[in-house]
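# A look at the structure
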Amino acid sequence: MNYGLESGISRFRNRRDRLVKVVTAYKEWLERYAEVEPEQLLRLYDLTENLKKDRLLLAFVAEFSRGKTELINALFFSDFKQRLLPSDAGRTTMCPTEIFYDPEAEPYIRLLPIETRFRDDSINTLKRMPVEWNTLKLDVADPNAMVSAMRKLAETKIVFKVEARALGLWDENDPNLAYMVKDQDRVEIPAWRYAMINYPHPLLESGLAILDTPGLNAMGAEPELTLSAIPNAHALLFLLATDTGVTQSDFEIWNKMVAKHTSQHYAVLNKIDMLWDDLKSPEEIARTIQRQIESTAAQLGIPTGAVLAISAQKALVAKIRGDQELLKRSGIQALEVMLAREIIPSREKIMRESVVKELGPRLNETREAAHKRLAAARQSLQALTGKNQQIVLQMRDKVMADKQKYEETTRNFNVTRKVVSQQGWELLAHLDEERMDKIIEESMMAINDSWTTAGLIRGMQLLIRRMSAEFDHALQQSAAIKQLLNAAYQRFHDEHGLESVDPPVLDLTRYRGRLDELVISTQEFCADPMNIMLEKRFMVKKFYIGLVTQARIVFQQVRMETETWLRLTLDPIVARIQEHKAQLEHRLENISKVHANLSSIQERTQAVHREMVQIKAQLDEIEAIVKEFSLLTGVAMRSLDAGQTVAATA
Ligand SMILES: Nc1nc2c(ncn2[C@@H]2O[C@H](COP(=O)(O)OP(=O)(O)OP(=O)(O)O)[C@@H](O)[C@H]2O)c(=O)[nH]1
Ligand SMILES: [Mg+2]
């Protein structure tokens, strides 16, 4: 039913499964044929687990009633033959709703009571505390039960204004909130703060996750959405409706939450069916729609081609009734094709990159080592068949000299290694939890216990400033380590003629970017006169808590990335040293044996030959893994040709 989207996502899943297989095959190869640290195997295992959990988050953002939920129903849930998620005139979706599939739990809908806003925990933190949520089991086989469970997403409650104000949801002086008023003393507020739906739909099973959001005011009251959930989505769909055009609040959402994010975002002009006037010719209608697309594009400052015109409602109706004509007219297929063509490949790219980063250098290493083992075996075979004692002696002297020189460089390298690890520890010290705690504590002190708006803003600015400084320091230090490593790697290349190895690169730009985004959000928040009014103190405090959580996450991620990098930087070269040494010893051993007893040449020849066949078999396995890896990641591996060795001597 879902055309490009369905096959696109199933392709994504297929690729992901194959990547998991490649990583697993490599891990098993290492377990069987190589001596590796358990920690390394664990890392590969973690990688497969993360790949399996990898999700593509698609967020729907718009002012209320633009048809976000209707579009989600049409795109993903038409198989229910009715409207699954509540969509209605006026404000309907009352809380941000995440829809995904977690195979480790039974289908459920989990709702976070609005009263949790009294607490200082972020939603992210609360997600790890199931007791705080109301959980309902979903009976996916019963459409009516499903629909009635989903109705919870639209639930509201009537409370006294004082309570709503204490929850940070009500402000007497804000004319935008007038719609909430029920009577003199009471207002209507959402019953839930956040919803999570675990639902086994094929697209969700393939790793797609959806975030449905309520309109502007509801989003503004939950700073975490603007700071974290929306910026972290991989793609954003921004909806407008033909009957309202681009209003002031549409524009505000576009600017504040959509346009500035680096993730892919698309503008969708919904409800084109409202322009389907029976008294006009199809050409006239097409012209009207085109005019509206053009004016929308001009107002948002994007190319006309970037605005997709659809009717979510007619698309849903068409899918339920199997009406192909109407489906075509609804324009939804173009949207599905676009999602399949653009969003999925970019998500796939992120996934590929994580595999390439972790596996690429190691795989190459393993493969080259196997080739070298084969070459070494071939050399001993030649020595054996050469039957010339003099040559054997010369070869032994050469190997001994090689070995000595190598040991010398290894000693030098160990010194470098110590320096690198020392500097590494210093670098990590700048990024540790305690340091972060101290920065947060200082920013709390700047707030001076008064929790006034001015104090909070002072604290936030200090926090961001201090974090940026720590960050810059870490970057500088990592640059120094990089230089040190480059020199060490180069020396190995110069002195031993080993193929040059590229040391892994520490790339923190992504986090720097996240930090810059937080700086901008904070600056914008601090500069907004609305937030300086005393009545908004609650919002400022919530924003501050959200900021601290995000800042901590960025810091933790940087630390983790840096730690991994420090561990990985020396791996390739250490592996080479070990391999080279083992090879030298092996050669030496073979030659001594030959020398000691030339009469056993026949026997030795057979033994070496058997060894070669074994190595060749291992090599074939690793070559198959390399081939699949290259195919999936597009990373070309150098062609190393040792296949003929065995064939030639067999
Ligand atoms: N005519 C027409 N109506 C639509 C279309 N899409 C949605 N609607 C109607 O518009 C109203 C609002 O749609 P929703 O899906 O609830 O909008 P929303 O953006 O999710 O709104 P909130 O949940 O309040 O943020 C509903 O009555 C829908 O049936 C469309 O393509 N054409
Ligand atoms: Mg909705």
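Residues numbered from 1 in each chain as written. Chains lettered and ligands numbered in written order. Predicted model: local features only at pLDDT ≥ 70, side-chain atom pairs only at ≥ 80, totals over all residues.

## Overview of the overall build of the protein
Looking only at helices and strands, the protein has 21 helices and eleven strands in total. Of all 650 residues assigned to the protein, the portion counted as buried reaches 36%. Here the analysis covers contacts within the protein between residues at least 6 apart in sequence; of these, 81% occur between residues at least 24 apart. (Helix = DSSP H or I, 4+ residues; strand = E, 2+ residues; numbered from the N terminus. Buried ≥ 20, exposed ≤ 12 C-beta atoms within 10 Å, placed from the backbone. Contact = placed C-beta atoms within 7 Å.)

## Points about the domain arrangement of the protein
Many descriptions give the size of an interface as the accessible area lost when the pieces come together. If you check the domain split of the protein, you get domain 1 (3–347) and domain 2 (387–596). Taking the mean C-alpha position of each, domain 1 and domain 2 sit 36 Å from one another. Tallying the contact residues gives 13 residues for domain 1 and twelve residues for domain 2. Elements that contribute at least two residues to the side of domain 1 that touches domain 2 include exactly helix H4 (123–126) and helix H9 (223–229). (Domains from an automatic or database assignment.)

## What to know about the site of ligand 1
Near ligand 1 lie 23 residues; those nearest to it are Gly67, Thr69, Ser87, Thr93 and Gln313. Contributing elements (two or more residues each) for the shell around ligand 1: helix H3 (68–76) and helix H12 (312–321). Sorting elements by how many residues they give to the shell around ligand 1 places H3 first, with three residues. For the shell around ligand 1, the residue count by class is six nonpolar, ten polar and seven charged. (Near = placed C-beta within 6 Å. Nonpolar A, V, L, I, M, F, W, Y, C, P; charged D, E, K, R; others polar.)

## With respect to the sheet that holds strand E8 (residues 208–212)
Taken in spatial order, the nine strands make up an open sheet running E4-E3-E7-E2-E8-E1-E9-E10-E11, and their pairing is mixed. In this open sheet, the two edge strands, each paired with only one partner strand, are strand E4 (134–137) and strand E11 (307–309). Direction aside, the axes of adjacent strands within the sheet are offset by 20° on average. Taken together, the five bridges between strand E1 (residues 56–61) and E8 define a ladder with parallel strand orientation. In the strand pairing of E8, Ala59 is matched with Leu211. Strands E1, strand E9 (235–241) and strand E10 (264–270) of the sheet are contacted by helix H10 (residues 248–259), whose axis makes an angle of about 175° with E9. (Pairing = 2+ DSSP bridges. Axes fitted to C-alpha atoms, helices over the stretch in contact; angles between N-to-C directions.)

## Some thoughts on the nonpolar core
By size, the foremost hydrophobic cluster in this structure holds 86 residues, and its most contacted members are Leu58, Ala59, Phe60, Val61 and Phe238. The residues contacting Phe60, other than those within four sequence positions of it, are Lys68, Leu71, Ile72, Leu211, Asp212, Thr213, Leu237 and Leu239. (Core = buried A, V, L, I, M, F, W, Y, C linked by C-beta atoms within 7 Å.)

## Quick notes on the pairing of strand E7 (residues 192–198)
Counting buried positions over the seven residues of E7 gives six, a clear majority of the element. As paired strands, strand E2 (residues 97–100) and E7 are joined by four bridges and run parallel to one another. Following the sheet pairing, Thr97 is matched in E7 by Ala195. As judged from the six bridges shared by strand E3 (residues 108–113) and E7, these two strands associate in the antiparallel manner. Across the sheet, the residue bridging to Leu112 is Tyr194, located in E7.

## Overview of the packing of H3 against H12
Relative orientation of the contacting elements H3 and H12 amounts to 30°, with a least axis distance of 8 Å. Judged by the inter-axis angle, H3 sits roughly parallel to H12. The handedness of the crossing between H3 and H12 is left-handed. Within the contact between the two elements, H3 uses Glu70, Leu71, Asn73 and Ala74 and H12 uses Ala312, Gln313, Ala315, Leu316 and Lys319. Residues that form the contact of H3 with H12 fall into these classes: five nonpolar, two polar and two charged. (Parallel < 35°, antiparallel > 145°, perpendicular 65-115°, else oblique. Left-handed = near helix turned anticlockwise from the far one by under 90°.)

## Structural notes on unusual backbone geometry
Positioned with a positive phi, Lys81 is a non-glycine residue whose angle comes to about 60°. Along the chain, Lys81 turns up in the loop between H3 and E2.

## Topic: the environment of Glu252
Note on placement: Glu252 falls in helix H10. Between the C-alpha atom of Glu252 and that of Arg193, which follows or precedes it by 59 residues, the distance is 22 Å.

## As for the environment of Thr304
Secondary-structure assignment places Thr304 in the loop between helix H11 (282–300) and E11. On a C-alpha basis, the gap between Thr304 and Leu485 in space is 50 Å, while along the polypeptide they are 181 residues apart. Excluding its chain neighbours within four sequence positions, the residues that come into contact with Thr304 are Ile293, Glu294 and Ala297.

## Concerning the environment of Ile293
Within the secondary structure, Ile293 sits in helix H11. For the pair Ile293 and Val307, spaced 14 residues apart in sequence, the C-alpha separation works out to 6.4 Å. If we skip the residues at most four places from it in the chain, Ile293 touches Leu269, Thr304, Val307 and Ala309.

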